[in-house]
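Chain by chain, the residues run as shown.
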Amino acid sequence: MLGTRIKGYLDRNGIKYTHISEKTGIPMNVLSPMLNEKREIKATEYFIICNALNVPLTKFSNESKGE
């Protein structure tokens with residue numbers, strides 16, 4: 001769920017996955033499975049992603065299903 005929400009946010013805002021990979025230091029071969037729910041997102045990775053996107057930590061955990 002979390003990866004899907006982050007992926008949706010990136011898509012809606014036209015943010016390229018490679019940009020987030022570069023900004024966070026998370027390699028694409030790790031980031032892609034996270035966004036596609038094939039790999040769990042660790043807490044530290046989540047903090048880094050939220051920081052890179054300049055969004056609060058609650059952004060994706062509280063996002064309603066309709067958004």
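Residues numbered from 1 in each chain as written. Predicted model: local features only at pLDDT ≥ 70, side-chain atom pairs only at ≥ 80, totals over all residues. Heavy atoms only, no water.

Below, the discussion takes up the packing of aromatic side chains. For any pair of aromatic rings, geometry is given as the distance between the ring centres together with the angle between the planes. All chains considered together, the criterion is met by 2 aromatic pairs. A centroid spacing of 5.4 Å and a plane angle of 80° characterise the contact between Tyr9 and Phe60, whose relative ring orientation is edge-to-face. Of this pair, Tyr9 sits in helix 1 (residues 2–12) while Phe60 sits in the segment after helix 4 (43–53); the two residues are 51 residues apart in sequence, bridging distant segments of the chain. Across the pair, Phe60 and Tyr9 agree in class, each one buried. A centroid spacing of 6.5 Å and a plane angle of 75° characterise the contact between Tyr46 and Phe60, whose relative ring orientation is edge-to-face. With Tyr46 in helix 4 and Phe60 in the segment after helix 4, this residue pair connects regions lying 14 residues apart in the sequence. Take Tyr46 and Phe60: they sit in the same class, and that class is buried. Among the aromatic residues, ring-to-ring pairing joins Tyr9, Tyr46 and Phe60 into one connected group. (Phe/Tyr/Trp six-rings, centres within 6.5 Å; stacked < 30°, edge-to-face > 60°. Helix = DSSP H or I, 4+ residues; strand = E, 2+ residues; numbered from the N terminus. Buried < 20%, exposed > 50% of the residue type's maximum accessible area, 1.4 Å probe, protein only.)

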